[in-house]
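Residues per chain are reported as follows:
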Amino acid sequence: MGIDGDAPVPPHRRFGEEGGRLSYGGYLRLPALLAQQQPESEAPDELLFITIHQVYELWFKLLLHELESAREAMFEGELWQARHLFRRVHAVEKVLIEQVDVLETMTPQDFLEFRAKLEPASGFQSVQFRELEFLSGLKDERYLSSFRHASDTELARLRRRLEEPTLWDAYLTALSQRGLPVSDDEIMDSLLAVARDRRSYDDLWQLAEDLLTHDEKAAHWRMRHVQMVERQIGTKSGTGGSTGAPYLRGRTRMHYFPLLWELRAWL
Ligand code: HEM
Ligand SMILES: N[C@@H](CC(=O)c1ccccc1NC=O)C(=O)O
């Protein structure tokens, strides 16, 4: 019988199971996905800790995918497509920031029940996080040494990100396709020309604003993260071997696109 009590629906017409090939859990690989939460302790909050990090990594994967496409669109001069993708990127980044609230429901006492088991693991070792930074323009090859634990495939991915063009490189290409010079000496004048003549360059201006929002949201996440860290471990050093909050505070001053911030002073 169909769910509404009518005549049974032929198997090949059942929504979501056309031809009987797909099911919800099969399509989404849920048995494999839901088998990946394996706490190292009996502490009740470790499931939350693992879940939240796994969710972050899934979103990081999507962000890398969308940002690669946005970079491609900028290289091809399809600025409307890049802007469309940045809207999605920003929406995901908003979720990443707000998700900190969920982990902050854990008390420091409850975290301490399993923290020692985590050492020397740390978010410091997130390959995808560092890939996002490299792709966005914050390339720092010194971080490669913190990935000694990483697989050859992961290391190759990071090295590739260090070599390949950044979002900023793609934006510069979009500027030069419109006849604007992009050498180190001329770039600020070109950015100012875009800002001052929106009738001619509004698409380039809006795209620069999208890049700036991406930068701002990343900085916002770093702020939320370090506040959460101070709340959880105070002045203790990190499981990854850094000074902890002081190291992370230093990172909150980083910018992906420093010239877009500097531009404000010249307007
Ligand atoms: C109880 C919650 C958390 C604490 C106490 C914490 C603590 C820390 C500390 C101390 C560091 C510095 C590296 C070290 O020495 O360990 C760090 C780095 C990092 N954490 Fe967390 N973290 C927490 C949650 C998270 C979450 C949910 C994520 C999401 C993926 C995350 C991602 C990162 C990343 C990407 C870094 C490297 C940052 C950089 O190098 O700029 N952390 N964390
Ligand atoms: N670095 C954290 C531990 C931690 O938060 C963590 C440990 C393993 C995997 C991911 C983590 N998340 C962020 O650093 C600490 O020092 O307490």
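Residues numbered from 1 in each chain as written. Chains lettered and ligands numbered in written order. Predicted model: local features only at pLDDT ≥ 70, side-chain atom pairs only at ≥ 80, totals over all residues. Heavy atoms only, no water.

1. Notes on the site of ligand 2
Taken together, Phe49, His53, Phe111, Arg115, Leu118, Ala121, Ser122, Gly123, Ile233, Gly238 and Thr239 make up the full set of residues near ligand 2. In this structure, Arg115 approaches ligand 2 through a side-chain N or O atom, which is 2.5 Å from an oxygen atom. Between ligand 2 and the protein, one listed contact pairs an oxygen atom with a backbone N or O atom of Gly123 at 2.8 Å. Here ligand 2 loses 80% of its free accessible area of 390 Å² to cover by the protein chains. Only helix 3 (46–75) and helix 6 (108–118) provide two or more residues apiece to the shell around ligand 2. Broken down by element, the shell around ligand 2 gets its largest block of residues, 3 residues, from helix 6. Of the residues in the shell around ligand 2, the class split is 5 nonpolar, 5 polar and 1 charged. (Near = heavy atom within 4 Å. Polar contact = N/O pair within 3.5 Å; in protein donor to acceptor, adjacent residues only side chain to side chain. Areas by Shrake-Rupley, 256 points an atom, 1.4 Å probe, with all protein chains shown as cover. Helix = DSSP H or I, 4+ residues; strand = E, 2+ residues; numbered from the N terminus. Nonpolar A, V, L, I, M, F, W, Y, C, P; charged D, E, K, R; others polar.)

2. Examining the UniProt feature "binding site: heme" (unreviewed entry) in the protein chain
In the UniProt entry, the feature "binding site: heme" (unreviewed entry) is given for His225. Positionally, His225 belongs in helix 11 (residues 198–233). Of the residues examined, His225 reaches a relative accessible area of 19% and is grouped as buried. (UniProt positions renumbered as here; feature names shortened; annotations may be inferred. Buried < 20%, exposed > 50% of the residue type's maximum accessible area, 1.4 Å probe, protein only.)

3. Considerations on the pattern of salt bridges
Two side chains of opposite charge can pair, provided their charged atoms sit close to one another. The final tally for this structure, using the stated rule, is 21 salt bridges. Among the ionic pairs, Glu164 bridges to Arg71, the shortest N-O distance being 3.0 Å. Here Glu164 is found in the loop between helix 8 (152–163) and helix 9 (167–177), whereas its partner Arg71 is found in helix 3, with 93 residues between them in sequence. In terms of burial, Glu164 and Arg71 fall into one category: buried. Residues Arg142 and Asp140 are paired through a salt bridge, measuring 2.8 Å at the closest nitrogen-oxygen approach. Judged by relative accessible area, which is 65%, Arg142 ranks as exposed. Through salt bridges with shared partners, one network takes in Glu68, Arg71, Glu131, Arg157, Arg160, Arg161 and Glu164. (Salt bridge = Lys/Arg side-chain N within 4 Å of Asp/Glu carboxyl O.)

4. Focus: the coordination of the iron atom of ligand 1
Coordination of the iron atom of ligand 1 by the protein involves just one donor, His225 (NE2), at a distance of 2.2 Å. Classification of the site at the iron atom of ligand 1 rests on its 6 donor atoms, whose angles at the metal span 78 to 179°, yielding the label octahedral. (Donors = N, O, S within 2.8 Å, 3.2 Å for Na, K, Ca; no water. Tetrahedral: all angles 85-135°; square planar, octahedral: opposite > 155°, others 65-115°.)

5. Details of the side chain of Ser146
Relative to the elements of secondary structure, Ser146 occurs in the loop between helix 7 (127–136) and helix 8. For Ser146, a relative accessible area of 17% translates into the label buried. Only 2.5 Å separates the side chain of Ser146 from the backbone oxygen of Tyr143, close enough to count as a polar contact. Those residues in contact with Ser146, other than ones at most four positions away along the chain, are Phe124 and Gln125. (Contact = heavy atoms within 4.5 Å.)

6. Details of helix 4 (residues 79–98)
Its 20 residues place the ends of helix 4 29 Å apart at the C-alpha level, agreeing with the 28 Å of an ideal helix rising 1.5 Å per residue. Restricting attention to buried positions, one finds in helix 4 the residues Leu79, Ala82, Leu85, Phe86, Val89, His90, Val92, Glu93, Leu96 and Ile97. (Expected span 1.5 Å × (residues − 1).)

7. Quick notes on the packing of aromatic side chains
Under the definition given, this model contains 12 aromatic pairs. Ring centres of Phe49 and Phe114 lie 5.4 Å apart, and the angle between their planes is 65°; this geometry places the pair in the edge-to-face category. Of this pair, Phe49 sits in helix 3 while Phe114 sits in helix 6, and the two are 65 residues apart along the sequence. Each member of the pair, Phe49 as well as Phe114, carries the same accessibility label: buried. Ring geometry for Phe60 and Phe129: centres 6.1 Å apart, planes at 55°, overall tilted. Pair noted here: Phe60 is in helix 3 and Phe129 is in helix 7, with a separation of 69 residues, a long-range link. Phe60 gets classed as buried once you look at its relative accessible area, which sits at 8%. The class of Phe129 is buried, set by a relative accessible area of 19%. (Phe/Tyr/Trp six-rings, centres within 6.5 Å; stacked < 30°, edge-to-face > 60°.)

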